Amino acid sequence: MDRGRLWFAALLAVKYLVPLAVLGGIYASAHDNLDGDVVYSIVIGRFLAGDAQAFDVFLNGAVDWTYFMRSFQPISLIYAALPPQPAYALTEAFFLSLAFFGMRRLIRDLVPGQGDTLIPLVYAFGLSFTSFGLGLAAAPWVVWLAGRDKAFGGWAAVAVFLIGLNSALALHSLFLPVGTLVCLLVLGCGVRWGRFILLHGVLYAGAALGSVGVLYNLAFGPPSHRSTWPAPEPEGMVGQFIQSTLGDLFFMSSQYHATVVPALYTAFVIGAGLWAARARAWPVLALIAGGAALGAFQPAYDALMVGPLGSVQFDRIGLYAPLACLTLAAVVGARWLRWPLGISLAMFVLAGIGLSPYTLKPLLPPTAREVLREVKASGDYAALFGPRAIGGIDLSRDALFHAATVAGYYRAPEYACLKTVIGDARVLSMGPDPMIAPANDIAALEGYHNLYPLAYRQAFRPVIAAKLAADADLRAYYDDWGNRVYAFGDRARDVAPDYAAAARLGADFVIADRALDDPALADATPDCAGDLRLYRIVSR
């Protein structure tokens, strides 16, 4: 085994063995991952395993397979065959391997004479999420196929089709041609336009097939909750553009779905590129500025986006900035770049084993959100370090296990216990993530969904109407965005949901992480529930 493969295998072992030893499970960030797409994968796995009613666990049965982009993606079969934790680990290891070996092949063949270990490691371990499909992980292979001298033949077409089939259409595949073009310009190997168009046409065909249900739903389904999203306010666009551009130039700060922690190599690589290979650096700068501009100036073009285009986030082209920047690093080949690249890799690996702010986020006190809002208004940054913001954080092994590992987050033993009482009934969650219930095959009234019927958001609103009236920010969060249909147990904590309205909508039980004193509820907690509480809704 050569040195590059040894390094990759060693870091992969660190990524999994350290959390297993320290936390007791496989580390995974909760936000936009365990609280969303991983749960979709778990339920899609049940669907592919033969459970035709699998999606009924979501939103009171308001959504079916046509609301999920990966309902028929082959990669989802991993979740059909394995429990969540090994399925997550296997999927992630496959994606990281795809990213590492793809970047390695790209550099070996298209940047001859340059090192092919450090940059592929930085790219692979810098990927934030592997639960959104192959897109970012497989992108180096697409660039390699577009740029190599060999013709684009049958097996290459099959590979690209499969990449598209297993990628998120709106998040990755739609903008991959931009990333490919920028990388080819950086490499200086010329753009063979016939091959370029054919390759990405095959990619789009695969992505469209993988997302056929969602495309059908957007075209012929009922109005979605996205159809009422308000137009963005046209204020501060120039300032936002400057802030986003500078942030990405120094840290890739707005590319949350592409880099897990600040990418400290960015400014050094671009600076070296401007000094040594100016023509090769400008496409990277254009990609970064273009992504920032599409985000900041959205109010200027939002009215032109009709139908499904209105919910497409065009600034996602910037997700390919890390790939383009690391390709530039390979082209420049300056030895001193090993330092910022190495430091970035170390930060990525540490974040991958749980040493990052994302690990602490689920452990913050409920008042932390209020403090952040107050600090934005007052500028009193010292409050961020006060007891209301970070006080009482439990850093015990048990707390970290439940906050930062796949097995711990979904709490399978406790929810299996609760299911003995709940049966086929539906639940509302007060405190625990509402997506944990569907992950454990318990039907839920709530959830985090990127697409669902507008009628359900309106039907659920009476359950939390009092909370929305008590918190203006929460009202805007729900009414103007609404991807999270929650009872918001940790927001406006002194205001209870309307449990009778929840019962009329279909809920019979409430799962809570604390005692609830409400005449609408009767304690039904079994002895095996651990620190969770279960209540039957008695008021109708």
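The coordinates are above.
Residues numbered from 1 in each chain as written. Predicted model: local features only at pLDDT ≥ 70, side-chain atom pairs only at ≥ 80, totals over all residues. Heavy atoms only, no water.

Visitor: Quick rundown of the overall build of the protein? Include the residues and the values.
Guide: If you tally the helices and strands in the protein, you get 27 helices and seven strands. Across the 540 residues that make up the protein, the buried fraction comes to 54%. Relative to all contacts within the protein whose residues are 6 or more apart in sequence, the contacts with residues 24 or more apart total 74%. Accessible area of the protein: about 22500 Å², with a carbon and sulfur share of 64%. Here the protein contributes 39 positively and 40 negatively charged side chains, and the mean placements of these two sets differ by 10 Å. (Helix = DSSP H or I, 4+ residues; strand = E, 2+ residues; numbered from the N terminus. Buried < 20%, exposed > 50% of the residue type's maximum accessible area, 1.4 Å probe, protein only. Contact = heavy atoms within 4.5 Å. Areas by Shrake-Rupley, 256 points an atom, 1.4 Å probe, with all protein chains shown as cover. Lys, Arg positive; Asp, Glu negative; His and termini not counted. Charge placed at Lys NZ, Arg CZ, Asp CG, Glu CD.)

Visitor: For the sheet that holds strand β6 (residues 521-523), give the residues involved together with the corresponding values.
Guide: Spatial strand order, β2-β1-β5-β7-β6: five strands in an open sheet with mixed pairing. The open sheet has two free edges, formed respectively by β2 (443-444) and β6, since each of these has just one partner strand. Direction of pairing for strand β5 (residues 507-512) relative to strand β7 (residues 533-537): antiparallel, over a ladder of four bridges. Each bridged residue has a counterpart across the sheet, and for Ala512 the counterpart in β7 is Arg533. (Pairing = 2+ DSSP bridges.)

Visitor: So, the layout of surface pockets: which residues are in play, and what are the values?
Guide: Of the voids in this model, the second largest pocket is the one considered here, and its volume is about 500 Å³. As for the second largest pocket, its lining consists of 19 residues, of which Gly115, Thr117, Leu118, Ile119 and Arg338 are closest to the centre. Breaking the lining of the second largest pocket down by element, the ones donating at least two residues are α1 (3-22), α6 (118-126), α16 (321-332) and α17 (338-352). (1 Å grid on protein atoms, 1.4 Å probe; cavity = no way out; pocket = protein on both sides within 12 Å on 5 of 7 lines; lining within 4 Å. Points joined across faces, edges and corners; volume = space filled by probe spheres on them.)

Visitor: An account of the state of the cysteines is needed here, citing residue identities and associated values.
Guide: All told, the structure shown has one disulfide when counted by the stated rule. There is no disulfide at Cys189, and the cysteine sulfur nearest it, in Cys183, is 9.6 Å away. No disulfide involves Cys325; its sulfur sits 10 Å from that of Cys183, the nearest cysteine. By relative accessible area, which is 0% here, Cys325 ends up buried. (Disulfide = S-S within 2.5 Å.)

Visitor: An account of the nonpolar core is requested, with residue identities and associated values reported.
Guide: Ranked by size, the top nonpolar core spans 162 residues in total, and within it Phe58, Phe125 and Tyr410 carry the most contacts. The element that contributes the greatest number of residues to this core is helix α5 (residues 84-110), accounting for 13 residues. Grouped together as the second largest cluster of nonpolar side chains are seven residues, Leu23, Ala399, Ala403 and Ala404 included. (Core = buried A, V, L, I, M, F, W, Y, C linked by side-chain atoms within 4.5 Å.)

Visitor: Give a detailed account of empty space enclosed by the protein, specifying residues and quantitative values.
Guide: If you walk through the whole model with that rule in mind, you get five cavities of 30 Å³ or more. Taken together, 20 residues line the largest cavity, and the ones lying closest to its centre are Lys15, Leu127, Ser128, Val260 and Gly352. For the lining of the largest cavity, the element with the most residues is α17, which contributes four residues. Looking at the lining of the largest cavity, its residues break down into 13 nonpolar, five polar and two charged. Its boundaries defined by the atoms lining it, the second largest cavity holds a volume of some 100 Å³. (Nonpolar A, V, L, I, M, F, W, Y, C, P; charged D, E, K, R; others polar.)

Visitor: Quick rundown of the pairing of strand β1 (residues 426-430)? Include the residues and the values.
Guide: Looking down a regular strand, the side chains alternate between one sheet face and the other. Among the five residues in β1, five count as buried, and that is most of the element. What you see with β1 is no split at all: Arg426, Leu428 and Met430 on one side and Val427 and Ser429 on the other are buried throughout. Pairing between β1 and β2: two bridges, direction parallel. Paired with Val427 across the bridge in β2 is Ala444. Relative to β5, β1 runs parallel, the two sharing five bridges. The residue of β5 that forms the bridge with Ser429 is Ile511.

Visitor: Tell me about helix α10 (residues 193-210), and please be specific about residues and values.
Guide: Here α10 is 18 residues long and its end C-alpha atoms lie 25 Å apart, about the 26 Å a rise of 1.5 Å per residue gives. Tucked into the core, α10 has its buried residues touching α7 (135-147), α8 (154-165), α9 (176-187) and α11 (212-220). (Expected span 1.5 Å × (residues − 1).)

Visitor: Describe the packing of aromatic side chains, with residues and values.
Guide: All told, the structure shown has 28 aromatic pairs when counted by the stated rule. Between the aromatic rings of Phe100 and Phe101, the centroid separation amounts to 4.9 Å while the plane-to-plane angle is 80 degrees, which identifies the pairing as edge-to-face. Residue Phe100 is classed as buried on the basis of its relative accessible area, which comes to 0%. With 6.4 Å between their ring centres and 80 degrees between their planes, Tyr301 and Phe314 make a pair best called edge-to-face. On the criterion of sequence distance, the pair formed by Tyr301 in helix α15 (residues 298-301) and Phe314 in the loop between α15 and α16 is long-range, its members being 13 residues apart. For Tyr301, a relative accessible area of 17% puts it in the buried group. An aromatic cluster of three or more residues is present, and its members are Tyr40, Phe47, Phe55, Phe58, Trp65, Phe68 and Phe72. The ring centre of Trp144 lies 4.6 Å from the NZ or CZ of Arg148, which sits over that ring. (Phe/Tyr/Trp six-rings, centres within 6.5 Å; stacked < 30°, edge-to-face > 60°. Lys NZ or Arg CZ within 6 Å of the ring centre and 35° of its normal.)

Visitor: Could you give me a rundown of unusual backbone geometry, with the residues and numbers involved?
Guide: Phi is positive for Leu59, which is not a glycine, with a value near 45 degrees. With respect to the helices, strands and loops of the structure, Leu59 is situated in the loop between α3 (37-48) and α4 (77-81). A relative accessible area of 0% places Leu59 in the buried class. Of note, Met252 is a non-glycine position whose phi angle comes to about 55 degrees, a positive value. By the secondary structure assignment, Met252 is in the loop between α12 (237-251) and α13 (266-276). Judged by relative accessible area, Met252 falls into the buried class, the value being 2%.

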